[in-house]
Every structure is written in structure tokens, then in C-alpha cells.
Amino acid sequence: IGECGSESVSPTPPGDSWLASLGLTSPPTNVPTSAAPISLTPTKAPFDPSNLNYCGGNFTDAEDNCYYRKPCPTGSPTICGGDTCYTGITCTAPPSKSPTSPPTVRPT
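Every value quoted in this text rests on a predicted model; they were computed, and no experiment measured them.

## A look at the overall build of the chain
Logical step 1: Across its full length, the chain carries 2 helices and 4 strands.
Logical step 2: Counted from the first residue to the last, the chain has its helices and strands arranged as β-β-α-β-α-β.
Logical step 3: Looking at the 108 residues of the chain, the share that counts as buried comes to 14%.
Logical step 4: For the chain, the exposed area adds up to about 9100 Å²; of that, 59% sits on carbon and sulfur atoms.

## Overview of the pattern of salt bridges
Logical step 1: A full pass over the atoms with the stated rule returns 2 salt bridges.
Logical step 2: We note a salt bridge from Asp61 to Arg69, for which the minimum N-O separation is 2.3 Å.
Logical step 3: Classification of Arg69 as partly exposed rests on a relative accessible area of 24%.
Logical step 4: Between Arg69 and Asp83 there is a salt bridge whose closest N-O contact spans 3.1 Å. Separated by 14 residues along the polypeptide, Arg69 in the loop between helix H2 (59–64) and strand E4 (84–87) and Asp83 in the loop between H2 and E4 bring together distant segments of the chain.

## Things to note about the side chain of Asn53
Logical step 1: With respect to the helices and strands, the residue Asn53 is situated in strand E3 (residues 53–56).
Logical step 2: In terms of polar contacts, Asn53 uses its side chain to reach the backbone carbonyl oxygen of Pro73, at 3.1 Å.
Logical step 3: Here the side chain of Asn53 touches Thr87 through a polar contact of 2.5 Å, side chain to side chain.
Logical step 4: Apart from residues no more than four positions distant in its own chain, Asn53 is found in contact with Pro71, Cys72, Pro73, Thr74, Gly75, Cys85, Tyr86, Thr87 and Gly88.

## Side note on the environment of Ser50
Logical step 1: Inspection of the secondary structure puts Ser50 in the loop between helix H1 (17–21) and E3.
Logical step 2: With a relative accessible area of 56%, Ser50 lands in the exposed category.
Logical step 3: For Ser50 and Ile89, which are 39 residues apart along the polypeptide, the C-alpha to C-alpha distance reads 9.8 Å.
Logical step 4: Reaching out from Ser50, the side chain makes a polar contact with the side chain of Asp48 at a distance of 2.6 Å.

## Digging into the side chain of Asn51
Logical step 1: Mapping Asn51 onto the fold places it in the loop between H1 and E3.
Logical step 2: In contact with Asn51, not counting residues within four places along its chain, are Pro71, Cys72, Pro73 and Ile89.

## Section: the confidence of the model for the chain
Logical step 1: Confidence in the prediction for the chain averages 75 pLDDT; 48% of positions are at 70 or higher.
Logical step 2: Averaged pLDDT values for the elements of the chain fall to 52 in strand E1 (residues 2–4) and rise to 95 in E4.

Rules behind the numbers
Residues numbered from 1 in each chain as written. Predicted model: local features only at pLDDT ≥ 70, side-chain atom pairs only at ≥ 80, totals over all residues. Heavy atoms only, no water. Helix = DSSP H or I, 4+ residues; strand = E, 2+ residues; numbered from the N terminus. Buried < 20%, exposed > 50% of the residue type's maximum accessible area, 1.4 Å probe, protein only. Areas by Shrake-Rupley, 256 points an atom, 1.4 Å probe, with all protein chains shown as cover. Salt bridge = Lys/Arg side-chain N within 4 Å of Asp/Glu carboxyl O. Polar contact = N/O pair within 3.5 Å; in protein donor to acceptor, adjacent residues only side chain to side chain. Contact = heavy atoms within 4.5 Å. pLDDT = per-residue confidence, 0-100.

See the structure below:
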């Protein structure tokens, strides 16, 4: 314990009042706590045909690839990762993939 003037200096805060001021009930420990795992796999937002704003390198890119491009519903390009947010794009879902011919009972 060091001295500063006539007051004694303590190496740790006195009592538990400093814990309460931080919203804690006990001192922190070096033991890690476990939390629920976080999924790091990005998910694609559901397609919203009412959205008219899409990110793209240019208007044609945003329009031609709207189903695959990131929507920017507010019109702000901040979520476009360097691209621009284009408005006035009516995007319809791409056609579903279906077989070009009916299945056969034996290999072709």
C-alpha cells in the first residue's frame, strides 16, 4: 500500500459499492462464461416483391439481377457494399427450376 499525501492508497477499490455502480454483484473472474452459439452463416432475406430499391453496379445490373442482389428498401446505398441503390425496379421472382422433359423409367 502506497501513500499519497496523508491518505493511504489501496490497490483495489474498497468494499462492494464499486461493483454495484457497475451493475455487478460479484467481482469479475478469469473463468470464461458460455453463451449460446452464434450462427455465422448469412441467410438471404425472403424475397419481397413490393420492394422497388436494389443494389447494383448500375441500373441495368440492379434490374436484371434484382432477385439475387441485396435490397435497399430505404433507398440508402450504405448497405450496398460499394454499389449504388437504384429505385423504381419492379422485380419478380425468377422462374422455378423444373425438368425440361418428363422423367423416364429407365436411364437414357
